[in-house]
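Structural overview
What follows is each chain in one-letter form.
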Amino acid sequence: FQGYEDMEAQFAWDDQTIRRTFIRKVYAILLVQLLVTVGIVALFSFCSPVRFYIQTHPGLYMASYFMFFTTYIALSCCGEPNRRQFPWNIVLLILFTLSMAFMMGFVSSFYNTKSVLLCLGITALVCLSVTLFSFQSKVDVTSCQGVLFSLCMVLLLCAITISIVVPFGYVPWLHATYAVLGAILFTLFLAFDTQMLLGNKRYAISPEEYIFATLSIYLDIVNLFSFLLQIVGGGR
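All values derive from a computational prediction rather than experimental measurement.

Remarks on the UniProt feature "transmembrane region" (unreviewed entry) in the chain
The feature "transmembrane region" (unreviewed entry), as annotated in UniProt, sits at residues 26–54, 60–78, 90–109, 115–135, 147–170, 176–198 and 210–232 in this numbering. In residues 147–170, the share of helix is 79% and the share of strand is 0%. The end C-alpha atoms are 30 Å apart. In residues 210–232, the share of helix is 100% and the share of strand is 0%. The end C-alpha atoms are 33 Å apart.

See the structure below:
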């Protein structure tokens, strides 16, 4: 029995070491992604010639959206080989990050610079709070898939309603409701994906899926910033 207990303790220690290495790798890649995104958003928001150029060339946005959609499908929906095969997984992740950063920069260029800075600060505070909550809290967000799915359906119905109503007239309170629901939803998704990354709750993501983990958390943060920008941003 003593030998069995020692072996079990060794396996537990090895799992913890692998999980810590996995977490450090994910957050290192995520930090680079966020720095690139913030840099592009700042360039498109604060540099007037660049802002004017991209606003008058919407085709660039469509090209970046096509690249985003293609790389996202390749990384998340076409099986594990694309996410695990080096260096193609890194190349796809770089292209995905650049396309998403360009899209966010394009959208941010239509908002007041003070609003962009405020939303960046709020997003950073929310991410820090959610991360601390995920590390310390005993609440298992990973077992709340039903709640997240229900909120997704509510957000989808709200988006469909807006698309139907907008041609007849803009409804500010409806758009604000949509943005608030989106911000709440992606805050919950951030907690969900962070706990999946930490592996300290009912469900956990495999340490081999560091690309997918990075992709999920990055998308949560970017979408959170996007919805916050719709809430507090003064559109030009």
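Concerning a nonpolar patch on the surface
A cluster of nonpolar side chains, Phe149, Met153, Leu156, Leu157, Ile160, Ile164 and Phe168, forms an exposed patch at the surface whose accessible area comes to about 770 Å². As for its position among the elements, Ile160 is in helix 7 (residues 145–165).

Quick word on helix 9 (residues 210–232)
Spanning 23 residues, helix 9 covers 33 Å between terminal C-alpha atoms, matching the ideal 33 Å at 1.5 Å per step. Within helix 9, 18 of the 23 residues are buried, which leaves it mostly tucked inside the rest of the structure.

Here we look at helix 8 (residues 172–198)
Side chains of residues three or four places apart in an α-helix project in the same direction, reflecting 3.6 residues per turn. The terminal C-alpha atoms of helix 8, which comprises 27 residues, lie 39 Å apart, in line with the 39 Å expected from a rise of 1.5 Å per residue. Looking one or two residues beyond helix 8, the residue adopting positive phi is Gly199, at roughly 70 degrees.

Describing the side chain of Gln195
Among the secondary structure elements, Gln195 is positioned in helix 8. With residues up to four places along the chain from it excluded, the contact list for Gln195 reads Phe133, Ser134, Val139, Asp140, Val141, Thr142, Asn200, Lys201 and Tyr203.

What about the nonpolar core?
Taken as a class, soluble globular proteins show a tendency for nonpolar side chains to be buried jointly. Phe22, Leu75, Phe96, Met100, Leu197, Tyr218 and Phe227 are the most contacted members of the largest nonpolar core, which totals 58 residues. Of all the elements in the fold, those that place two or more residues in this core are helix 1 (2–46), helix 3 (58–77), helix 5 (88–108), helix 6 (113–136), helix 7, helix 8 and helix 9. Apart from the residues lying within four places of it in its own chain, the contact partners of Phe227 are Leu155, Tyr178, Ala179, Gly182, Ala183 and Phe186.

Details of the confidence of the model for the chain
On average, residues of the chain score 81 in pLDDT, and 89% of them reach the 70 mark or higher. Averaged pLDDT values for the elements of the chain fall to 62 in helix 4 (residues 81–84) and rise to 89 in helix 9. Overall, residues 1–13 carries pLDDT values under 50, and its contacts beyond four positions in sequence, including any with other chains, amount to one contact.

What counts, and at which threshold
Counting restarts for each chain, with residues numbered from 1 along the sequence as it is written. Totals for whole chains, interfaces and linings use every residue, but because this is a predicted model, local features are given only for residues with pLDDT of at least 70 and side-chain atom pairs only at 80 or more, for both listing and counting. The basis for every side-chain value is the complete set of heavy atoms in the structure, and neither hydrogens nor water enter the calculation. UniProt positions are given in the numbering used here, feature names are shortened, and annotations may be inferred rather than shown by experiment. Comment: elements are numbered from the N terminus, with helices defined as DSSP H or I runs of at least four residues and strands as E runs of at least two. Residues form patches when they are more than 30% accessible in relative terms and have no salt bridge. Like charges link within 9 Å. Nonpolar side chains (Val, Leu, Ile, Met, Phe, Trp, Tyr) link within 5 Å. Each accessible area is a Shrake-Rupley result for a 1.4 Å probe, and residues are judged covered by the shown protein chains and nothing else. Salt-bridge detection follows one rule: a side-chain nitrogen of Lys or Arg within 4 Å of a carboxyl oxygen of Asp or Glu. Each residue after the first adds 1.5 Å to the expected span of a helix. A simple rule labels every residue: compare its accessible area, found with a 1.4 Å probe on the protein chains alone, to the largest value its type can have, and call it buried under 20%, exposed over 50%, or partly exposed in between. A contact between two residues is defined here by any heavy atoms of the two lying within 4.5 Å. Side-chain atoms within 4.5 Å link the members of a nonpolar core, which is a set of buried Ala, Val, Leu, Ile, Met, Phe, Trp, Tyr and Cys residues. A score from 0 to 100, pLDDT tells how confident the predictor is in each residue.

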